[in-house]
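The chain contents come next:
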Amino acid sequence: MSTAMAEKLQIQLETPTDFLPLQGTDYIEFYVGNAKQAAHYYMSAFGFSALAYAGPETGIRDRASYVVRQNKLTFVLTTPIHAGNEIADHIYKHGDGVKVLALRVEDATDAWMQTTSRGGKSYMEPTLLKDEEGEIVMSGIHTYGDTVHLFIERKNYNGPFMPGYRNWEPAFNTQSTGLLYVDHCVGNVGWNCMNKWVKFYEEVMGFRNILTFDDNDISTEYSALMSKVMSNGNGYVKFPINEPAEGKKKSQVEEYLEFYDGEGVQHIALATNDIVKTVRELMKRGVEFLKVPDTYYNDLENRVGRIEEDIAPLKELGILVDRDDEGYLLQLFSKPIEDRPTVFFEIIQRKGAKSFGKGNFKALFEAIEREQEARGNL
Ligand code: FE2
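Parameters and conventions
- Residues numbered from 1 in each chain as written.
- Predicted model: local features only at pLDDT ≥ 70, side-chain atom pairs only at ≥ 80, totals over all residues.
- Heavy atoms only, no water.
- Donors = N, O, S within 2.8 Å, 3.2 Å for Na, K, Ca; no water.
- Helix = DSSP H or I, 4+ residues; strand = E, 2+ residues; numbered from the N terminus.
- Buried < 20%, exposed > 50% of the residue type's maximum accessible area, 1.4 Å probe, protein only.
- Domains from an automatic or database assignment.
- Buried area = accessible area lost by both parts, 1.4 Å probe.
- Salt bridge = Lys/Arg side-chain N within 4 Å of Asp/Glu carboxyl O.
- Polar contact = N/O pair within 3.5 Å; in protein donor to acceptor, adjacent residues only side chain to side chain.
- Nonpolar A, V, L, I, M, F, W, Y, C, P; charged D, E, K, R; others polar.
- Contact = heavy atoms within 4.5 Å.
- Arc of directions from axis to C-beta.

*Asks:* Which parts of the structure should I look at to understand the coordination of the iron ion?
*Replies:* Around the iron ion, the protein contributes the donor atoms His184 (NE2), His267 (NE2) and Glu346 (OE), which lie 2.0 to 2.2 Å from the metal centre. The sequence motif formed by the donor residues of the iron ion is H-x82-H-x78-E. Separated by 79 residues along the polypeptide, His267 in strand E14 (residues 264-272) and Glu346 in strand E17 (residues 344-351) bring together distant segments of the chain. Its relative accessible area of 1% is what places Glu346 among the buried residues.

*Asks:* Would you mind showing me how to read the domain arrangement of the chain here?
*Replies:* Note on interface size: it is often stated as the accessible area lost on association of the parts. Along its sequence, the chain is organised into domain 1 (24-167) and domain 2 (179-375). Between the C-alpha centres of domain 1 and domain 2 there is a distance of 25 Å. Summed over both partners, the interface of domain 1 with domain 2 comes to about 3000 Å²; 65% of that surface belongs to carbon and sulfur atoms. Ionic pairing is found between Lys93 and Asp261, a salt bridge with its closest N-O pair at 3.4 Å. Counting across the interface, domain 1 meets domain 2 through 13 residue pairs in polar contact (both at pLDDT 80 or more). In terms of residue count, the dominant contributor to the side of domain 1 that touches domain 2 is helix H3 (residues 86-94) (five residues). Of the residues contributing to the side of domain 1 that touches domain 2, the split by class is 17 nonpolar, 19 polar and five charged.

*Asks:* How should the side chain of Glu255 be read in this particular structure?
*Replies:* Counting through the fold element by element, Glu255 comes out in helix H6 (residues 252-260). Excluding its chain neighbours within four sequence positions, the residues that come into contact with Glu255 are Lys250, Pro341, Gln372, Arg375 and Asn377.

*Asks:* Whenever I open this one, H3 confuses me. Can you help?
*Replies:* For an α-helix, the turn length of 3.6 residues means that residues three or four places apart are oriented alike. Within H3, burial applies to Ile87, Ala88, His90, Ile91 and His94. In an axial view of H3, the angular spread of the buried residues amounts to 160°, which keeps them on one side of the axis. In the core, the buried residues of H3 are packed alongside strand E1 (25-31), strand E3 (63-70), strand E4 (73-80), strand E5 (97-104) and H6. For H3, the side-chain oxygen to backbone nitrogen distance between the N-cap and Ile87 is 3.1 Å, and the N-cap itself is Asn85. One or two residues past the end of H3 sits Gly95, with phi positive at roughly 75°.

Structure below.
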């Protein structure tokens with residue numbers, strides 16, 4: 001072996017290559033009871049724009065899917081048009097929920113081979129989809145519950161979304177609320193299952209555990225949980241994993257597991273560059289948020305240090321602030337977006353902080369407990 005080759009081999013040994021390079025979240029697909037109405041909700045309330053449609057009119061016989069987009073956020077709302085199939089069964093069991101967390105890759109065939117060879121269970125073998133706008137390769141693996149990851153290779157595609165979809169240009173459209181991209185997606189898993197899924201993300205997908213919260217960090221009188229944050233190599237994709245912990249009464253994660261009837265996506269954090277403007281607009285359009293007591297703002301700058309924002313609008317809207325070594329963040333959590341107390345959204349603006357708002361857990365979970373109590377689930 002030449003010296004140069006030996007040096008190259010040594011460098012490879014010292015810096016393991018990312019076997020699953022991800023370019024970010026490609027889209028999130030929800031299975032819902034009524035996709036036509038759900039699409040309208042995400043447009044009118046959250047400020048998404050109509051992008052594409054697939055259904056009987058485009059030759060898809062079993063479902064209808066509406067694709068909506070806002071900046072780098074793409075949601076697909078899919079509903080079955082018959083009973084007795086996988087989509088209908090998913091909704092019957094889980095209610096409306098997240099089926100697909102799709103990740104953008106350079107090579108979907110390689111992503112499938114890398115992950116399935118490391119123990120990932122295949123959901124979709126690499127599949128080529130073609131139309132006159134080009135081609136897409138997609139593949140996928142199962143993750144927690146009935147949730148799946150699809151790997152999307154779209155470098156050779158110029159259409160609105162994917163083959164099978166056509167442009168969707170309804171008369172109704174709306175202004176963006178300033179939501180930009182997916183910051184992180186949180187999964188709720190069963191009792192004592194967090195470490196199993198941490199291992200899955202480490203071994204099968206090459207993620208690292210970047211933060212851990214135990215039940216001392218995350219417990220109020222009642223609502224205990226544990227959480228580990230998993231991140232891919234470049235940090236574009238972050239999946240915190242929660243499991244319930246024993247408390248005096250029912251954990252919020254346990255309530256989720258009961259009503260979702262299993263493991264699944266708990267919340268999706270959407271980034272904005274102007275949280276006051278975004279949240280004000282979302283509230284005006286009917287999105288409901290958790291409310292912390294006004295006393296939260298009494299010593300705010302003593303707790304989190306100087307911030308650039310005025311406190312008054314933060315207090316008015318109930319926006320929370322937390323700081324870590326690298327900066328601070330502003331965040332706020334919606335109420336569940338459906339009648340089952342399951343999926344909700346977080347709105348987040350990062351000002352240097354790379355963490356998840358640990359300093360807000362207590363105030364926040366007490367707010368969640370008030371909601372749980374109102375539902376009779378505490
Ligand atoms: Fe979050």
